[in-house]
Structures are given as C-alpha cells and as structure tokens.
Amino acid sequence: MKKIFEPESPFAKGFTTFVDILILGVLWIFTSIPIFTIGASSAAMYYAIHKTIFQGRGYAYKEYFRGFKDNFKQATVITLILLVFNAVMFYLLRVTTEMNPDRPISWNFVFMIFMAFSIIWGMMLFAFMSRFSNTLKANVKNASLILVANIPVALGGFLVFMLFCFIGGYITKLGIILPGFLGVILHQLYERVFRKYMSEEDRALEDERAGKK
C-alpha cells in the first residue's frame, strides 16, 4: 500500500500531473482576466505543458510565468490585433442582421467564418511562438504557413476548443478545470505538426528530454 504513495509510483506521478494541469488552467484563467493578455496566457500554458507535463522538467507555475514573460510582448500585439479585428467583424455582423432581421444576408456567414479563422490562426500562432524563439514577423509567417499546410489539424483543434467552450457554458462548475485539459489536448495535436518542421537533432533532443529512447 505504501508503494502507491511513493514519489516515483505511477499513482503519485499521475496525481502530480493532474494537479499541475489544474494549476496551469487556473493560472490561465487569472492571467487572462485583462483580456488583452489572453495570447500571452495561452502561449505560457502551452510552454509550461510542454516542459513540465510532457518533459517532466521544472515546476508548473514557474515555467508558466517564464513562458508568460518571454512571450508577453509578441503575444499581446497579436491579441490586440485579433481583438480589434473580431470587434469589427462582430459590429458588421450586428449591422447586417439589423438591416434585415427576418432574413440576415449571406454576409453574416462570411463574418462568422472570418471570426472563426482568426481564432484558429491565433491558437496555432500562440502555440508556435511558445515553442520557437523568433521575431514576431517570422513567427507570424511560419505559423501561418504551417496552418495552411495542416488545415485538418488546425480545424480539429478548433472543434476541440468549441467543444470545451460548450461544456464550460453548459456545466459552469467545470470552467476552472477545463482550460488546462484543453491545453493538453491541443498540445498533443499541434506537436505532431511542429515536430515535422524540426531538424532530426532537435527532435532527438526533445525525445531525450522527454525520456524517450
């Protein structure tokens, strides 16, 4: 019985991972409250999940704030752009609906597609910039190219995101739990893509850090 609670036992490791995921989710919620910090928070959570959950290095909260600090400037610029863009799209959506409330014109669909794509693009970009150090211009360019080349994965991540939003809206008590687990699932999806664009040396180093042979 005592072996179950030993630090290296599967149970203890699993419980520690579970707690770390919860901690990262809570940190994401609180650091996203100003709204314009959502991008930095998302990049920080992805970074911390990759390093602590999948590589077993460092402490979740320390890595989270390290990722938040390192990505704050770039992620905030992108977040502000996305907020303005979606505000404009939402305004146009309301205008077109009010012009013809009985039969909204087809532009409504176009505006909603633009808003959805901006979320898909932002999700991929924040994850990418948390994993690869580069200039903002290079991150935007590379993440955009990767997204276009991997549309199924990007759409899959968006559908998972929407599912979690639905669950959180329907069962509000789960709201504080869901962000961390969403981050883990997105990490699993995106890493399969990111690894394709890494050199063999970088992939070998990643596997070594994760304890893989």
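These remarks concern the structure in this document. All values derive from a computational prediction rather than experimental measurement.

### Looking at the packing of aromatic side chains
So, point 1. For the coordinates displayed, the defined rule picks out eleven aromatic pairs.
So, point 2. Judged by centre distance (6.2 Å) and plane angle (40°), the rings of Tyr190 and Phe194 are tilted. Taken together, the residues Tyr190 and Phe194, both in helix α7 (residues 178-194) and four residues apart, mark about one turn of the helix. One exposure class covers both Tyr190 and Phe194, and it is buried.

### Overview of the packing of helix α4 (residues 107-131) against helix α6 (residues 151-170)
So, point 1. With their axes 10 Å apart at the nearest point, α4 and α6 run at an angle of 105° to one another. Compared by their axis directions, α4 and α6 come out roughly perpendicular. Side by side, α4 and α6 meet where Ala116, Ile119, Ile120, Met123 and Met124 of the first sit next to Ala154, Leu155, Gly157, Phe158 and Phe161 of the second.
So, point 2. Its residues assigned to classes, the contact of α4 with α6 shows nine nonpolar, one polar and no charged.

### Concerning the pattern of salt bridges
So, point 1. Under the counting rule described, the total for this entry stands at three salt bridges.
So, point 2. For Glu63, the salt bridge goes to Arg66, with nearest N and O atoms at 3.5 Å. Of this pair, Glu63 and Arg66 both sit in helix α3 (residues 60-99), separated by three residues, roughly a single helical turn.
So, point 3. For Glu63, a relative accessible area of 5% puts it in the buried group.
So, point 4. Judged by its relative accessible area of 41%, Arg66 is partly exposed.
So, point 5. Of the charged contacts in the structure, one is a salt bridge between Glu191 and Arg131, with a shortest N-O distance of 2.9 Å. Of this pair, Glu191 sits in helix α7 while Arg131 sits in helix α4, and the two are 60 residues apart along the sequence.
So, point 6. Salt bridges here are not isolated pairs; linked through shared partners, they connect Lys51, Glu63 and Arg66.

### Details of the packing of helix α2 (residues 38-53) against α4
So, point 1. Across the interface, α2 lies against α4 with an axial gap of 8 Å and an inter-helix angle of 55°. Looking at the two axes, α2 sits oblique to α4. For α2 against α4, the interelement crossing comes out right-handed. Residue-level inspection shows Gly39, Ser42, Ala43, Tyr46, Tyr47 and His50 of α2 in contact with α4, the latter providing Phe126, Ala127, Met129, Ser130 and Arg131.

Calculation criteria
- Residues numbered from 1 in each chain as written.
- Predicted model: local features only at pLDDT ≥ 70, side-chain atom pairs only at ≥ 80, totals over all residues.
- Heavy atoms only, no water.
- Phe/Tyr/Trp six-rings, centres within 6.5 Å; stacked < 30°, edge-to-face > 60°.
- Helix = DSSP H or I, 4+ residues; strand = E, 2+ residues; numbered from the N terminus.
- Buried < 20%, exposed > 50% of the residue type's maximum accessible area, 1.4 Å probe, protein only.
- Axes fitted to C-alpha atoms, helices over the stretch in contact; angles between N-to-C directions.
- Parallel < 35°, antiparallel > 145°, perpendicular 65-115°, else oblique.
- Contact = heavy atoms within 4.5 Å.
- Nonpolar A, V, L, I, M, F, W, Y, C, P; charged D, E, K, R; others polar.
- Salt bridge = Lys/Arg side-chain N within 4 Å of Asp/Glu carboxyl O.
- Left-handed = near helix turned anticlockwise from the far one by under 90°.

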